[in-house]
Amino acid sequence: MMTPSEKALVPFVSVDHMMKLIHHIGVEEMLKGLAAYIEADFRRWQLFDKTPRVASHSEKGVIELMPTSDGEDYGFKYVNGHPGNTRDGLQTVTAFGLLADVASGYPVLLSEMTLLTALRTAATSALVARLLAPKGAHVMAMIGNGAQSEFQSLAMKAIAGVDEVRLYDIDPAATRKCAANLADQGITVVSCASAEEAMLGAQIITTCTADKQYATILTDNMVGSGVHINAIGGDCPGKTELAPAILQRAGIFVEYPEQTRIEGEIQQLAPDHPVTEIWQVLTGQAQGRTDDRQITLFDSVGFAIEDFSALRYIRDQIAGTGFFRPLDLLADPDDPRDLFGMLQRSKTQV
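Below is a short write-up of the structure. Note that the structure is predicted; figures quoted are calculated from it, not measured.

Take the nonpolar core next. Buried together is how nonpolar side chains tend to be arranged in soluble globular proteins. Counting residues in each nonpolar core, the largest one holds 67 residues, and the members touching the most others are Met-30, Leu-116 and Ile-314. Tallying contributions element by element places helix H3 (residues 114–132) first for this core, with ten residues. Core analysis: the next-biggest nonpolar cluster, separate from the first, contains 27 residues, Val-139, Ala-198, Ile-246 and Leu-297 among them.

Laid out in structure tokens, this is it:
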């Protein structure tokens, strides 16, 4: 057996390693760390290559590639969204990602991103809520209590100051699951029988449902003034959660308009409907919330720079730890021009 060289080895963070790393750091501390990396990269937004994700749609769901680069590092994520998977005991969303050195093109990190996507999505939501929610906001309605709900709740607690979460899901079992998982997390949990009940007293409203269809989770009459809506369920063409009239009344904030107009809630609006990019608010180039009565809406679909930030964070956190294993991923012949020779020499090692 030929022993791989150091150049052949790429750090690989498995699901098991990711879980151990999360527990080592702490869920809330990791959410805060991810939010800090995402904010730092959003503040240098103009350095990045940006393109809408490459999507392959089917009747069952979507498979997407999400690439970006800041000129020094290159990152991409493979991710799927298959709402019917849970009926077969499968995750709705799975993902993995890679970070590479632009100068050589060599990968420097390969990582699971099913857990990491859940964390970075929640960290982004809470970062934006901290910017846009009304002053003193501390109650969140969590409508849709699937795999993302606990992460959203804890991120809002750690980053945006939420101390009460009001849960509703069309499936009561999902609400029971979420409530049980949050029972010892230092946040008040209220299980509700309807979306309207969940929204009582909430200054932040998060919608996160999975059906791949035009849906109206929130109707116009359900949303009063002075709230922040965190809409994260609509993330592909033909999939929405909010009544168009809500969008007409709200100040709308997005990650990357070219992608959000295809995939987000604003696919229901005219192509030139005004929106504000979050990076512009973070850098002071645009205003966030303008008054206490304004409805702000984060039309979040997830963007590649957030995954890039998450991979950067993981690369930095695993340095000097055992929370990864070296993966023999790259060929490294003695002579870079003699790949076939390396193959031939390996024959004697079989």
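Next comes the rest of the description.
A complete count under the given rule lists six aromatic pairs for this structure. Centre to centre, the rings of Tyr-37 and Tyr-313 are 5.2 Å apart; their planes meet at 85°, and the pair counts as edge-to-face. Of this pair, Tyr-37 sits in helix H2 (residues 27–42) while Tyr-313 sits in helix H10 (residues 304–318), and the two are 276 residues apart along the sequence. In this structure Tyr-313 comes out as buried when scored by relative accessible area, which is 4%.

Burial along strand S10 (residues 204–207) is two-sided: the residues Ile-204 and Thr-206 and Ile-205 and Thr-207 are all buried. One ladder, built from four bridges, connects strand S7 (residues 139–143) with S10; its direction is parallel. The residue of S10 that forms the bridge with Met-140 is Ile-204. The sheet contact formed by S10 and strand S12 (residues 228–231) spans four bridges and is parallel. Paired with Ile-205 across the strands is Ile-229, a residue of S12.

It is worth spelling out H3 at this point. For an α-helix the count is 3.6 residues per turn, leaving residues at separations of three or four pointing the same way. Across its 19 residues, H3 extends 27 Å between first and last C-alpha, which sits within 8% of the 27 Å expected from 1.5 Å per residue. H3 sits mainly inside the fold: 15 of its 19 residues count as buried.

The subject of this paragraph is the sheet that holds S12. Read across the sheet, eight strands follow the order S9-S8-S7-S10-S12-S16-S14-S15 without closing on themselves; strand pairing throughout is parallel. The sheet is open, and its two edges are formed by strand S9 (188–191) and strand S15 (276–277), each paired on a single side. Of the pairings in the sheet, the one linking strand S8 (residues 164–168) to S9 comprises four bridges and is parallel in character. The residue bridging Arg-166 from the neighbouring strand is Val-190, located in S9. Where helix H4 (residues 149–160) meets the sheet, its contacts fall on S7, S8, S10 and S12, and the angle it forms with S7 comes to roughly 170°.

Along the polypeptide, Asp-299 turns up in strand S16 (residues 295–299). Within the buried core, Asp-299 has no salt-bridge partner, and the shortest N-O distance to an opposite charge, that of Arg-261, equals 8.3 Å. At 2.9 Å, the side chain of Asp-299 forms a polar contact with the backbone nitrogen of Glu-265. Setting aside residues no more than four positions away along its own chain, Asp-299 makes contact with Ala-231, Ile-252, Phe-253, Val-254, Glu-255, Thr-260, Gly-264, Glu-265 and Ile-266.

Counted according to the given criterion, the structure contains 20 salt bridges. The partner of Glu-164 in a salt bridge is Arg-166, with the nearest N and O atoms 3.4 Å apart. For Arg-315, the salt bridge identified is with Asp-316, shortest N-O distance 3.6 Å. Overall, Arg-315 belongs to the partly exposed group, its relative accessible area being 26%. Salt bridges sharing partners connect three or more residues here, namely Asp-41, Arg-44, Asp-70 and Arg-312.

For the structure on display, the rule yields zero disulfides. Considering cysteine sulfurs only, Cys-208 is the nearest to Cys-178, which forms no disulfide, with 10 Å between them. Relative accessible area serves as the criterion here: at 0%, Cys-178 is assigned to the buried category. Unpaired in this structure, Cys-192 has its nearest cysteine sulfur neighbour in Cys-178, at a distance of 11 Å.

A sheet is described by the order of its strands in space; here seven strands give the open sequence S2-S3-S4-S5-S6-S1-S17, paired in mixed fashion. In the strand order of this sheet, the two ends are held by strand S2 (54–57) and strand S17 (325–328), each with one partner. Each strand axis lies, on average, 20° off the axis of its neighbour in the sheet, ignoring direction. Relative to S17, strand S1 (residues 9–13) is paired through four bridges, and the arrangement is antiparallel. Bridged to Leu-9 within S17 is Asp-328. Against the sheet, helix H1 (residues 15–25) touches S1, strand S6 (107–112) and S17, its axis set at about 65° to S1.

Criteria and cut-off values
Residues numbered from 1 in each chain as written. Predicted model: local features only at pLDDT ≥ 70, side-chain atom pairs only at ≥ 80, totals over all residues. Heavy atoms only, no water. Core = buried A, V, L, I, M, F, W, Y, C linked by side-chain atoms within 4.5 Å. Buried < 20%, exposed > 50% of the residue type's maximum accessible area, 1.4 Å probe, protein only. Helix = DSSP H or I, 4+ residues; strand = E, 2+ residues; numbered from the N terminus. Phe/Tyr/Trp six-rings, centres within 6.5 Å; stacked < 30°, edge-to-face > 60°. Pairing = 2+ DSSP bridges. Expected span 1.5 Å × (residues − 1). Contact = heavy atoms within 4.5 Å. Axes fitted to C-alpha atoms, helices over the stretch in contact; angles between N-to-C directions. Lys, Arg positive; Asp, Glu negative; His and termini not counted. Salt bridge = Lys/Arg side-chain N within 4 Å of Asp/Glu carboxyl O. Polar contact = N/O pair within 3.5 Å; in protein donor to acceptor, adjacent residues only side chain to side chain. Disulfide = S-S within 2.5 Å.

Honestly, it's all geometry; don't read function into it.
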